[in-house]
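Topology and contacts: notes
Residue-level listing of the chains:
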Amino acid sequence: MTSPALVVVHPDPASLAAGIAARLVTTILTAQAATGQAHVALTGGGIGTACLAAVLAEPAQAAVNWSRVDFWWSDERFEPTGSNLRNETSARAEFLDHLPVDPARIHPMPARGGEYGDDVDAAAAGYAAEFAAAAGPADGLPRLDVAMLGVGPDGHVASLFPGHAGMPAPGIVIPVRDSPKPPPPRLSFTFDTINSAARVWLVADGEAKAAALAEALRPAS
């Protein structure tokens with residue numbers, strides 16, 4: 001991601017969600033017009049899920065070939081499938097389950113107790129391999145048309161926490177064993193993976209996020 005930041009302010013969460021939904025549909029349509037498909041990394045949280053739900057009310061979404069969109073996650077809690085703590089769970093319930101998507105193109109991050117058992121390292125390596133194989137290389141990294149990210153009050157994106165041991169880290173996907181925000185075990189895209197996306201959207205609402213966003217937008221000295 002090399003383009004300068006564009007800041008778009010909405011008056012309330014509902015208009016923010018609607019605006020993001022419209023932009024997401026337009027971005028997917030543009031990608032499909034160019035390549036026939038699109039790769040999108042989803043996020044969770046209250047406003048992230050609201051943005052996904054708002055896509056269903058966007059009239060232009062009917063023009064999207066949803067069977068030609070690959071869905072990924074920028075991070076995930078390493079919890080069992082179906083857990084309310086997982087971003088996947090809310091994304092399916094509020095968004096994916098209501099569209100004619102191809103189940104084979106939904107790529108949830110591994111769940112604890114699944115293919116990799118409780119091995120968060122193996123889960124991270126497995127997801128990195130799946131992502132690289134499906135999305136293809138771009139400067140040595142998989143390529144996303146858009147990566148949606150929430151922002152924590154402490155400034156974290158995905159499960160990359162400022163000042164946390166091991167950050168930043170190389171690679172495509174990393175295990176996070178002791179997240180400052182529970183639950184401790186997580187999986188996360190790295191900064192390199194996020195920055196390789198054609199578009200990176202930081203989606204945040206509420207006064208609690210204002211200080212973190214102001215710091216992120218402060219010009220480097």
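Thresholds, definitions, all that
- Residues numbered from 1 in each chain as written.
- Predicted model: local features only at pLDDT ≥ 70, side-chain atom pairs only at ≥ 80, totals over all residues.
- Heavy atoms only, no water.
- Pairing = 2+ DSSP bridges.
- Helix = DSSP H or I, 4+ residues; strand = E, 2+ residues; numbered from the N terminus.
- Axes fitted to C-alpha atoms, helices over the stretch in contact; angles between N-to-C directions.
- Parallel < 35°, antiparallel > 145°, perpendicular 65-115°, else oblique.
- Left-handed = near helix turned anticlockwise from the far one by under 90°.
- Contact = heavy atoms within 4.5 Å.
- Phe/Tyr/Trp six-rings, centres within 6.5 Å; stacked < 30°, edge-to-face > 60°.
- Buried < 20%, exposed > 50% of the residue type's maximum accessible area, 1.4 Å probe, protein only.
- Polar contact = N/O pair within 3.5 Å; in protein donor to acceptor, adjacent residues only side chain to side chain.
- Right-handed = clockwise from strand over helix to strand, strands pointing away.

Describing the sheet that holds strand β3 (residues 75-77)
Here we have three strands laid out as an open sheet, ordered β3-β8-β7, and antiparallel in their pairing. Every other strand in the sheet has two partners, leaving β3 and β7 (173-176) as the edge strands with one partner each. Pairwise comparison of adjacent strand axes, ignoring direction, gives a mean angle of 15° for this sheet.

Some thoughts on the packing of helix α2 (residues 45-55) against helix α3 (residues 87-94)
Orientation of α2 relative to α3, taken along the N-to-C sense of each, is 30°, at an axis distance of 9 Å. On the basis of their axis angle, the class for α2 and α3 is roughly parallel. By crossing handedness, the relation of α2 to α3 is classed as right-handed. Between α2, through Gly45, Thr49, Leu52 and Ala53, and α3, the contact on the second element is made entirely by Asn87, Ser90, Ala91 and Glu94.

Concerning the packing of aromatic side chains
In this structure the tally under the stated criterion is seven aromatic pairs. Seen in terms of ring centroids, Trp66 and Phe71 are 6.3 Å apart; in terms of plane orientation they differ by 15°. Their pairing is stacked. Ring geometry for Phe71 and Phe95: centres 5.8 Å apart, planes at 90°, overall edge-to-face. With Phe71 in strand β2 (residues 69-73) and Phe95 in the loop between α3 and α4 (120-135), this pair connects stretches of sequence that are 24 residues apart. An aromatic cluster is present here, built from Trp72, Tyr127, Phe131 and Phe189 joined pairwise through their rings.

Re the side chain of Ser179
With respect to the helices, strands and loops of the structure, Ser179 is situated in the loop between β7 and β8 (186-189). On the basis of relative accessibility, which here comes to 8%, the residue Ser179 falls in the buried class. Within the structure, the side chain of Ser179 is placed 3.2 Å from the side chain of Arg186, a separation counted as a polar contact. Other than its neighbours up to four places away in sequence, Ser179 contacts Phe161, His164, Pro184 and Arg186.

Here's the deal with the pairing of β2
The buried fraction of β2 is high, at five of five residues. Judged by which residues are buried, β2 turns out to be covered on both faces: Val69, Phe71 and Trp73 on one side and Asp70 and Trp72 on the other are all buried. Where the polypeptide runs from strand β1 (residues 38-42) across α2 and back to β2, its parallel neighbour, the crossover connection is right-handed.

Regarding unusual backbone geometry
Of note, the amide linkage connecting Pro182 to Pro183 takes the cis form, showing an omega dihedral of -5°. Inspection of the secondary structure assignment puts Pro183 in the loop between β7 and β8. The backbone of Ala158 shows a phi angle near 50°, a positive value even though the residue is not glycine. The topology assignment puts Ala158 in the loop between β6 (146-150) and β7. Classification of Ala158 as buried rests on a relative accessible area of 10%.

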